[in-house]
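In case you want the letters, here they are:
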Amino acid sequence: MRILVIAAHPDDEVLGVGGTMLKHAKNGDFVKVIILATGITSRMKSGYENSSKYELNSSESKNMKKEIELLRTNAKKASKILNVTKTEFYDLPDNEMDSIPLLQIVKIIENEIQKEKPDRIYTHHYGDLNIDHRLCYDACLTACRPISKQTPELICFEIASSTEWNYPYSFNPNYFVKIEKQLDKKIKAMEIYEHEIRSFPHPRSSENLQNVAARWGSVSGTSYAEAFEIIRKIEH
């Protein structure tokens, strides 16, 4: 099976589908991660702090370029832990993907579909709080319209600190993957993102990732699971 994970930011791929990616890889599946946006430039300040001002001077911009490179290095390390086959980065504006034409994002994804010929795409949920997540979903839905024999399945994942922070909550999982054997490595991969992981009770804490997996495990009758919402599944 050929799997394409399309994420808006570095760490989304681990939060949303980390255990399932590892499970796919262990089954011998091809797994490629696409990360569309830089991940941190919306903070408008270097040093992993957030500025309330919408401006970025040249000095801060230079520092943030170094932080972007570190973030991408961490993404590659996390991918290695999860046995991801390939990881590729684009340079779309962080938390400002609505400032570029949707068609531009669609074309990136269409090109990846044409190049990698995935059987299944995992991406963000349409109800996330983060604008980049929602646009990532919209672009995937457009790129995956059923107009050819290469149409991949489309499945949405949740992101702790985005999906549950939007109201009304609209994530309705109908597909669950057991990750008892994969959870430790998922958490280890997330901990590689040293400036993105947080302390409990933040949703992006190691403790909460285990709690979320336990919650979906309880819902689906197992110890730990990742939850997904199927948008389109194709039985051949």
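It should be noted that the structure appears before, not after, this text.
Everything in this summary refers to the structure shown in the same document. Numbers given to residues run from 1 along each chain, matching the order in which its sequence is written. This being a predicted model, a pLDDT of at least 70 is required before a residue's local features are given, and a value of 80 or more before pairs of side-chain atoms are given or counted; all residues contribute to the totals for chains, interfaces and linings. Side-chain figures throughout are based on the complete set of non-hydrogen atoms in the structure, without hydrogens or water.

### Quick notes on the overall build of the chain
(1) Moving on: Numbering goes from the N terminus for both helices and strands, where a helix is a DSSP run of H or I of at least four residues and a strand is a run of E of at least two. For the chain, the helix and strand inventory stands at six helices and seven strands.
(2) Moving on: Helices (α) and strands (β) of the chain occur, in sequence order from the N terminus, as β-α-β-α-β-α-β-α-β-β-α-α-β.
(3) Moving on: For the chain, the C-alpha radius of gyration of 17 Å lies close to 18 Å, the compact-globule estimate for 236 residues.
(4) Moving on: Dimensions of the chain, computed from the C-alpha atoms along their principal axes, are close to 55 × 40 × 35 Å.
(5) Moving on: Relative accessibility under 20% of the residue-type maximum defines a buried residue, over 50% an exposed one, and the middle range a partly exposed one, all with a 1.4 Å probe and only protein chains included. The buried share of the chain, taken over its 236 residues, is 53%.
(6) Moving on: Considering only contacts in the chain between residues 6 or more positions apart, those separated by 24 or more positions represent 76%.
(7) Moving on: Carbon and sulfur atoms make up 49% of the accessible area of the chain, which amounts to about 11200 Å² in all.
(8) Moving on: The positive charge centre, built from 32 side chains, and the negative charge centre, built from 33, are 5 Å apart in the chain. It is over C-alpha atoms that the radius of gyration is taken, and the globule rule equals 2.2 Å times the number of residues to the power 0.38. Contact criterion: two residues are considered in contact whenever any of their non-hydrogen atoms come within 4.5 Å of each other. Accessible surface is estimated by sampling points in the Shrake-Rupley manner with a 1.4 Å probe; for residues, cover comes only from the protein chains shown. Positive charges come from Lys and Arg alone, negative charges from Asp and Glu alone, with His and the N- and C-terminal ends not counted. For this purpose, a charge sits on NZ of Lys, CZ of Arg, CG of Asp or CD of Glu.

### Topic: the sheet that holds strand β1 (residues 2–7)
In sheet architecture, strand pairing relies on hydrogen bonds along the backbone and comes in two forms, parallel and antiparallel.
(1) Moving on: A sheet is described by the order of its strands in space; here seven strands give the open sequence β3-β2-β1-β4-β5-β7-β6, paired in mixed fashion. At either margin of the open sheet sits one strand with a lone partner, and together these are β3 (86–92) and β6 (175–178). Sheet twist, expressed as the mean angle between neighbouring strand axes with direction ignored, is 25°.
(2) Moving on: Here four bridges tie strand β5 (residues 153–157) to strand β7 (residues 225–232), and the two strands are oriented antiparallel to one another. Counterpart to F157 in the pairing with β7 is F228. Note on pairing: DSSP must find at least two bridges between two strands before they are called paired. Every axis in this analysis is a line fitted to C-alpha atoms, fitted for helices over the stretch in contact. Angles between the N-to-C directions lie between 0 and 180 degrees.

### Comments concerning the pattern of salt bridges
Proximity of charged atoms lets side chains of opposite charge pair with each other.
(1) Moving on: The term salt bridge refers to a side-chain nitrogen of Lys or Arg lying within 4 Å of a carboxyl oxygen of Asp or Glu. A full pass over the atoms with the stated rule returns 13 salt bridges.
(2) Moving on: In this structure, E88 engages K32 in a salt bridge whose closest nitrogen and oxygen atoms are separated by 2.8 Å. You can see E88 sitting in strand β3 and its partner K32 sitting in strand β2 (residues 30–37), a full 56 residues away along the chain.
(3) Moving on: You can call E88 partly exposed: its relative accessible area is 24%.
(4) Moving on: Across the pair K186 and E226 runs a salt bridge, and its minimum N-O distance is 2.7 Å. A residue pair is termed long-range when its members are at least 10 positions apart, and K186 in helix α5 (residues 183–192) and E226 in strand β7 qualify at 40 residues.

### Side note on the packing of helix α3 (residues 102–116) against helix α4 (residues 131–143)
(1) Moving on: It is at 8 Å that the axes of α3 and α4 come closest, and there the two elements cross at 55°. As judged from the angle between their axes, α3 and α4 are oblique. The element α3 and its partner α4 pack so that their crossing is right-handed. Mapping the contact onto sequence places L102, I105, V106, I109, E110 and I113 in α3 and L135, C136, D138, A139, C140, T142 and A143 in α4.
(2) Moving on: Across the contact of α3 with α4, the residue classes break down as 10 nonpolar, one polar and two charged. By the definition adopted for this analysis, an angle is roughly parallel if under 35 degrees, roughly antiparallel if over 145, roughly perpendicular if from 65 to 115, and oblique otherwise. Crossings are assigned a handedness: left-handed for a near helix turned anticlockwise from the far helix by less than a right angle, right-handed for a clockwise turn. In this classification, the charged set is Asp, Glu, Lys and Arg, the nonpolar set is Ala, Val, Leu, Ile, Met, Phe, Trp, Tyr, Cys and Pro, and all remaining amino acids, among them Gly, are polar.

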